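The lines below spell out each chain.
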Amino acid sequence: MYRNLEQMAIKALKKTINKLGYEEPSEIKLEQPPNPELGDLASAVSFQLAKQLKRSPMEIAAEIVNEIKLSELFEKVELKGPYINFYVNYNKFSRMVLKSIKTDYGQFKPNNTKIIVEHTSANPNGPLHIGHIRNSIIGDSISRILGFAGYEVETQYYVNDMGRQIAMVVWGFLNLDFEMDKSEKIDHEIGKLYFQVNEKLRADPELKNEIDSLLKQYEYGNEGKLEKSFENAVNQCLEGVKYTLKKINVSHDTYVWESKFVKDGSVASILQTLKEKNVTKTNEVLYLPLEDYGIEKELVLTRSDGTSLYSTRDLAYHVYKSKNCDELIDVLGSDHKLAIDQLSIALDILDSRSPEVIFYEFITLPEGSMSTRRGVFISVDEMVEEAVQRAFGQLEIKRPDLTEEEKIDIAKKVGIGAIRYFIAKLSPEKHIVFKWDEALSFERGCASIQYAHARSCKLLKKCGYDESKSIAESEIEILDHPTEIDLIKTLSKFTSVIEESARLRRVHLLAQYALDLAGAFNKFYKSVQVKGSNKEVSRLLLVDRTRITIRNALYLLGIDAPNSM
RNA sequence: GGGCCCGUAGUCUAGUCUGGAUAAGACGUGGGACUUCGGAUCCCAAGAUCGGGGGUUCAAAUCCCCCCGGGUCCGCCA
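Please read all numbers here as calculations on a predicted model, not as lab measurements.

Draft legend 1. Layout of the domain arrangement of chain A. Domain parsing of chain A yields domain 1 (2-88) and domain 2 (114-279 + 309-363). Distance between the C-alpha centres of domain 1 and domain 2: 53 Å.

Dropping the structure here:
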């Protein structure tokens, strides 16, 4: 809705510039004035015109302000030096905003575009650790946002069941006498097994041959028994992973096993196509030279024993995805940048679409990077438990009136919220050094957003607010307290934020917005009386619209909005 | 060595794509606000030569070049 205002202002500016007979600059942008006294929107278009007209910006701005005609949603336009400042008519605008927010606020009409988002795709050789979680949270949130923005979204988890890592786990199952501890989560047990095999391999490098042979048999052989071993190992681990993901409100529509592309012949057919196009070369291995594309490193397509590599299968996977959607997005750690460049060239040769990639930087521990192989990591399960426990501790202090079950329920929502928010609020290109207290803060973070929501629920209930009762736009009283105006303005920006977040594929814009919105609400709540005031009806409407908007914003971040906390 | 990313108050960040007015938040620190709807809240204060240096521009945290510091990639791993 705020967008409408901006467009109206731009239109008015353009019209005026044309009327004055000046050449319209290619792009007219608006900005936020540095403080509210200078209005709601500002234009520095006079600078652009100054160059063209060889006259002073102030003079030109004055001319425009004299001539400009505005819609009634604007109260006035003022000249401040070279700047043209627009003041919104909040009497009219507020009513419009309050009236138009419904329970699905922020949801766009379908745009008939199917988009596949691949995220998480962690190897099933151990539990998810807090390094993986950035992928899941960004991927899940952007999927939700794109869905809201009108896309038909399918989320996919690419299951690596053919890699050497998995062969190592299978080898461990077959050769080590490893006792699974049934009381532990299965993915954690597999992680321990994987660690042990790595230790063995370090002690005896010859083992590599045995593992390679397993890999070869799995890829070539139709030996049902071995196939079952791989499937079992992967499935078991994946169950643990799915369970963890579910705890943090992440799920996938489809799980695609990479072996599918070997079995159905698409890997072979892609290799064939590349050979026919005469772009591959062979020494001990089949490879795709990439110097001509500015990449030193060639893309190896098959091992010397003929088996396929991850990249080859990934190539087939991307061709497959490409055929099944209009746009595709991968969420990947930035360490995959070179690999994706290589892949994209190969896809281009195959006349297939390259993925758009959301890259994120690593999360490391203060003492260094995490590694499943070395068994050095903080698992997501561990983090969730810690988060929920801390939230529970807070509830014991703040809400002794609640039952144990209620406290547990809320602690989960608050704890998970803290985790998701911690990741979602940061730009993905920022490297994170993990510290518990930063990750699980309950002040001015997600908890304060959830708190604003719970507060609004409570207040509506206390005032006996009836959601189904509609009131006419003309009945809405003028809400002109600065905190009311600010809150309404913030509410009206929600759709723009979703649009921008979806377009730029940047989740943190929305996370930032949610905090701003909660802040605007908390300030309003502190300084304006609702219950029993002479504007109770209208203010309750404002509280309800805020409640809806916070809830929807949190939903898009995969965070629950408790009614009480 | 080459490629990519990051560097903004003591700490963590937003703003960089698309240049625009006094660089915006949070944590921490110091003060303050409950006879009105929930204090996981709100208000006030101190704290920044936007890593350094050049350049482009009427205007640079933002664009270009060089340098410094940190991360990461450069596997017949995934």
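Draft legend 2. Structural view of the sheet that holds strand β7 (residues 254-257). Here five strands make up an open sheet; going across it, the order is β7-β6-β5-β11-β12 and the pairing parallel. This sheet does not close on itself; its edge strands, each paired only once, are β7 and β12 (356-360). Here the average twist between neighbouring strands, direction ignored, is 25 degrees. Sheet topology places strand β5 (residues 114-118) next to strand β11 (residues 327-333); four bridges connect them, and they run parallel. Note on β11: the bridge partner recorded for Val117 is Ile329. Seen against the sheet, helix α9 (residues 224-247) touches β6 (152-159) and β7 and runs at an angle of roughly 150 degrees to β7. Packing of helix α12 (residues 310-323) onto the sheet brings it into contact with β5, β6, β7 and β11, and relative to β6 it is tilted by some 160 degrees.

Draft legend 3. The arrangement of the protein's contact with RNA strand B in detail. The local shell around RNA strand B holds 64 residues, among which Glu31, Asn160, Ser427, Val528 and Gln529 are the closest. For RNA strand B, the fraction of protein-proximal atoms (within 4 Å) that sit in sugar or phosphate groups is 62%. Within the side chain of Lys398, an N or O atom sits 3.2 Å from a phosphate oxygen of RNA strand B. Asn522 places a polar side-chain atom, nitrogen or oxygen, 3.5 Å from a sugar or linking oxygen of RNA strand B. At the level of secondary structure, the elements contributing two or more residues to the surface near RNA strand B comprise β4 (83-88), α6 (164-175), α12, α13 (337-349), α14 (380-398), α17 (446-462), α19 (494-504) and α20 (508-527). Residue contributions to the surface near RNA strand B peak at seven residues, all from α17.

Draft legend 4. The arrangement of the sheet that holds strand β2 (residues 41-43) in detail. One open sheet holds the four strands; their spatial order is β1-β2-β4-β3, and the pairing between them is antiparallel. With partners counted over all chains shown, the strands left at the sheet margins are β1 (30-31) and β3 (74-80), one partner each.

Draft legend 5. Fine view of the nonpolar core. Counting residues in each nonpolar core, the largest one holds 178 residues, and the members touching the most others are Ile84, Phe86, Ile133, Leu315, Phe434, Leu510 and Leu557. In terms of residue count, the dominant contributor to this core is helix α15 (residues 404-424) (ten residues). Domain assignment of the residues forming this core places at least three in each of domain 1 (2-88) and domain 2 (114-279 + 309-363). Leaving out residues up to four positions away in the same chain, Phe434 has contacts with Ile130, Ile363, Thr364, Leu365, Pro366, Ile378, Met383, Phe422 and Ala439.

Draft legend 6. Region of interest: the pattern of salt bridges. One pass over the full model with this rule turns up 37 salt bridges. Arg164 is the salt-bridge partner of Asp212, the closest N and O atoms lying 2.6 Å from each other. Residue Asp212 is located in helix α8 (residues 207-220), and its partner Arg164 is located in helix α6; the two are separated by 48 residues in the primary sequence. For Asp212, a relative accessible area of 17% gives the class buried. Here Arg506 makes a salt bridge to Glu429, at a shortest N to O gap of 2.9 Å. With a gap of 77 residues between them, Arg506 in the loop between α19 and α20 and Glu429 in the loop between α15 and β14 (432-433) connect regions that are remote in the sequence. One network of salt bridges, with partners in common, ties together Lys185, Asp187, Lys247 and Asp381.

Draft legend 7. Structural view of the side chain of Ser448. Topologically, Ser448 is positioned in helix α17. Not counting chain neighbours up to four residues away, the residues in contact with Ser448 comprise Leu515, Ala518 and Asn522.

Draft legend 8. Region of interest: the packing of helix α5 (residues 132-148) against α19. Direction vectors running N to C along α5 and α19 enclose 120 degrees, while the axes themselves pass 9 Å from each other. With respect to each other, α5 and α19 are oriented oblique. Seen from above, α5 lies across α19 with left-handed handedness. Listed contacts from α19 to Ile142, Ile145, Leu146 and Phe148 of α5 are Ile498, Ser501 and Ala502. The class makeup of the residues in the contact of α5 with α19 is six nonpolar, one polar and no charged.

Draft legend 9. Looking closely at the side chain of Thr280. As for its placement among the helices and strands, Thr280 is situated in the loop between α11 (266-276) and β8 (281-282). Residue Thr280 is classed as buried on the basis of its relative accessible area, which comes to 17%. Excluding residues within four positions of it along the chain, Thr280 makes contact with Leu274, Lys275, Leu286, Tyr287, Leu288, Pro289 and Leu301.

Draft legend 10. Fine view of the pairing of β6. With respect to burial, β6 is a largely interior element, six of its eight residues being buried. Crossover handedness for the path β5 to α5 to β6: right-handed. Examined bridge by bridge, β6 and β7 share four bridges and lie parallel to one another. When the sheet's bridge partners are listed, Tyr157 is paired in β7 with Tyr255.

Draft legend 11. The arrangement of α14 in detail. Look at α14: 27 Å from first C-alpha to last across 19 residues, which is about the 27 Å you get at 1.5 Å a residue. Among all positions of α14, only Val380, Asp381, Met383, Val384, Ala387, Val388, Ala391, Phe392 and Leu395 are buried. For α14, the buried positions fall inside an angular range of 170 degrees around the axis, keeping them on one side. Summarising the geometry of α14, the exposed residues directed more than 90 degrees from the buried face are Glu385 and Ile397.

About the thresholds
- Residues numbered from 1 in each chain as written.
- Chains lettered and ligands numbered in written order.
- Predicted model: local features only at pLDDT ≥ 70, side-chain atom pairs only at ≥ 80, totals over all residues.
- Heavy atoms only, no water.
- Domains from an automatic or database assignment.
- Pairing = 2+ DSSP bridges.
- Helix = DSSP H or I, 4+ residues; strand = E, 2+ residues; numbered from the N terminus.
- Axes fitted to C-alpha atoms, helices over the stretch in contact; angles between N-to-C directions.
- Contact = heavy atoms within 4.5 Å.
- Near = heavy atom within 4 Å.
- Polar contact = N/O pair within 3.5 Å; in protein donor to acceptor, adjacent residues only side chain to side chain.
- Core = buried A, V, L, I, M, F, W, Y, C linked by side-chain atoms within 4.5 Å.
- Buried < 20%, exposed > 50% of the residue type's maximum accessible area, 1.4 Å probe, protein only.
- Salt bridge = Lys/Arg side-chain N within 4 Å of Asp/Glu carboxyl O.
- Parallel < 35°, antiparallel > 145°, perpendicular 65-115°, else oblique.
- Left-handed = near helix turned anticlockwise from the far one by under 90°.
- Nonpolar A, V, L, I, M, F, W, Y, C, P; charged D, E, K, R; others polar.
- Right-handed = clockwise from strand over helix to strand, strands pointing away.
- Expected span 1.5 Å × (residues − 1).
- Arc of directions from axis to C-beta.

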